[in-house]
Amino acid sequence: MTPPVFAHGALRLYLLALLEDGPKHGYELIKALGDRFGGTYSPSAGTVYPRLGKLEEEGLVATSQDGRRTVYSITDAGRAEVEDRRGELEDVEQDISASVRRLADTLRDELRSSMRGLRADLAATAETARQAAKQAGGAPSSAGGTQSEAAGRPESGPSGEPAASSPNAPTPRGRAESLRDNRGALAEAEMLIRGFRDDMRLELREFAAAHTMTDVTLEALRQSLDATRTAIRTALRGPIR
């Protein structure tokens, strides 16, 4: 069973400590808690607001309105309680540090499991694309036989024997002519990559505007990109026609 992030009464005390730094509305308090946990935990509004309401009832917190937002401020009585329980607050800080390490370990384990599943999915997708390309390459060509057979048929040498060639040798047309022939498909492929990059950049910025970019987040991103890169390379190395 996973132990609770906050012990009984600890969140109440920590909210008071956060308000010592100045008045805050509810979202700011939730974000401050999420930042303190390095993005590994963020309390829900249903966890924070009832405790703030209780603190107001006890005279430890006062509220004011800033447009539609309720701003919470610590009262003198609240400051006195924080000061009286300063030792407990230090224990809460230590408990938070332990919780961050525990939650980070759990997230790493989940990340490893997710990455294994992602790699398997990408590998399966690349294999499906490769098989589809292989089947398309086996369609009959206008000159008879199949396209793959025609493309793979070696040229004859002066004596009529097949000329020796390296599997990786460039086609006789040359690299420049091949690029010209492929320019339409190449432009479309590059457009797909640019669109993917732009979409991911927007997602990344939206995430960073609302959350903390932790080491765990960066590692998840790095591993996902590595797996995607591997799948794309595998697809590009499929049957050449």
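The shown structure was predicted, so the numbers you read here are calculated from the model rather than taken from an experiment.

Enquirer: Looking at this structure, I do not really get the overall build of the protein. What am I missing?
Expert: In terms of helices and strands, the protein carries nine helices and three strands. Start at the N end of the protein and walk to the C end: the helices and strands fall as α-β-α-α-β-β-α-α-α-α-α-α. A buried classification covers 23% of the 241 residues belonging to the protein. When contacts within the protein are restricted to residue pairs at least 6 apart in sequence, those whose partners lie at least 24 apart make up 59%. If you sum the accessible surface of the protein, you get close to 16600 Å²; carbon and sulfur atoms cover 53% of it.

Enquirer: Would you mind showing me how to read the pairing of strand 3 (residues 69-74) here?
Expert: Regular strands show a simple pattern: their side chains alternate between the two faces of the sheet. The pairing of strand 1 (residues 24-25) with strand 3 spans two bridges and is classified as antiparallel. Looking across to strand 3, one finds that His25 is bridged to Val71. The pairing of strand 2 (residues 61-66) with strand 3 spans six bridges and is antiparallel. Along strand 3, the bridge assignment pairs Ser64 with Val71.

Enquirer: It is not clear to me how the sheet that holds strand 1 should be interpreted in this structure. Could you clarify?
Expert: Sheet strands line up and pair through hydrogen bonds in the backbone, either parallel or antiparallel. Taking strand neighbours across the sheet as the criterion, the three strands line up as 1-3-2 in an open arrangement whose pairing is antiparallel. What marks the edges here is a single partner per strand, and that holds for strand 1 and strand 2.

Enquirer: For this particular structure, what's the right way to read the packing of helix 2 (residues 26-36) against helix 3 (residues 45-57)?
Expert: Helices that pack against each other are described as a pair by the angle of their axes relative to one another and the distance between those axes. Running from N to C, helix 2 and helix 3 point in directions that differ by 120°, and their axes come no closer than 10 Å. Comparing the axis directions of helix 2 and helix 3 gives the class oblique. Our pair here, helix 2 against helix 3, has a crossing hand that is right-handed. Between helix 2, through Gly26, Tyr27, Leu29, Ile30 and Leu33, and helix 3, the contact on the second element is made entirely by Ala45, Val48, Tyr49 and Leu52. Here the contact of helix 2 with helix 3 is built from residues that sort into eight nonpolar, one polar and no charged.

Enquirer: Looking at this model, I keep getting lost on the pattern of salt bridges. Mind explaining?
Expert: Oppositely charged side chains can pair when the atoms bearing their charge come close. Enumeration according to the criterion identifies eight salt bridges in this entry. Among the ionic pairs, Glu81 bridges to Arg85, the shortest N-O distance being 2.9 Å. Since its relative accessible area comes to 18%, Glu81 is described here as buried. Overall, the relative accessible area of 19% leaves Arg85 in the buried class.

Procedures and definitions
Residues numbered from 1 in each chain as written. Predicted model: local features only at pLDDT ≥ 70, side-chain atom pairs only at ≥ 80, totals over all residues. Heavy atoms only, no water. Helix = DSSP H or I, 4+ residues; strand = E, 2+ residues; numbered from the N terminus. Buried < 20%, exposed > 50% of the residue type's maximum accessible area, 1.4 Å probe, protein only. Contact = heavy atoms within 4.5 Å. Areas by Shrake-Rupley, 256 points an atom, 1.4 Å probe, with all protein chains shown as cover. Pairing = 2+ DSSP bridges. Axes fitted to C-alpha atoms, helices over the stretch in contact; angles between N-to-C directions. Parallel < 35°, antiparallel > 145°, perpendicular 65-115°, else oblique. Left-handed = near helix turned anticlockwise from the far one by under 90°. Nonpolar A, V, L, I, M, F, W, Y, C, P; charged D, E, K, R; others polar. Salt bridge = Lys/Arg side-chain N within 4 Å of Asp/Glu carboxyl O.

These results come straight from atomic positions and should not be treated as a statement about function.
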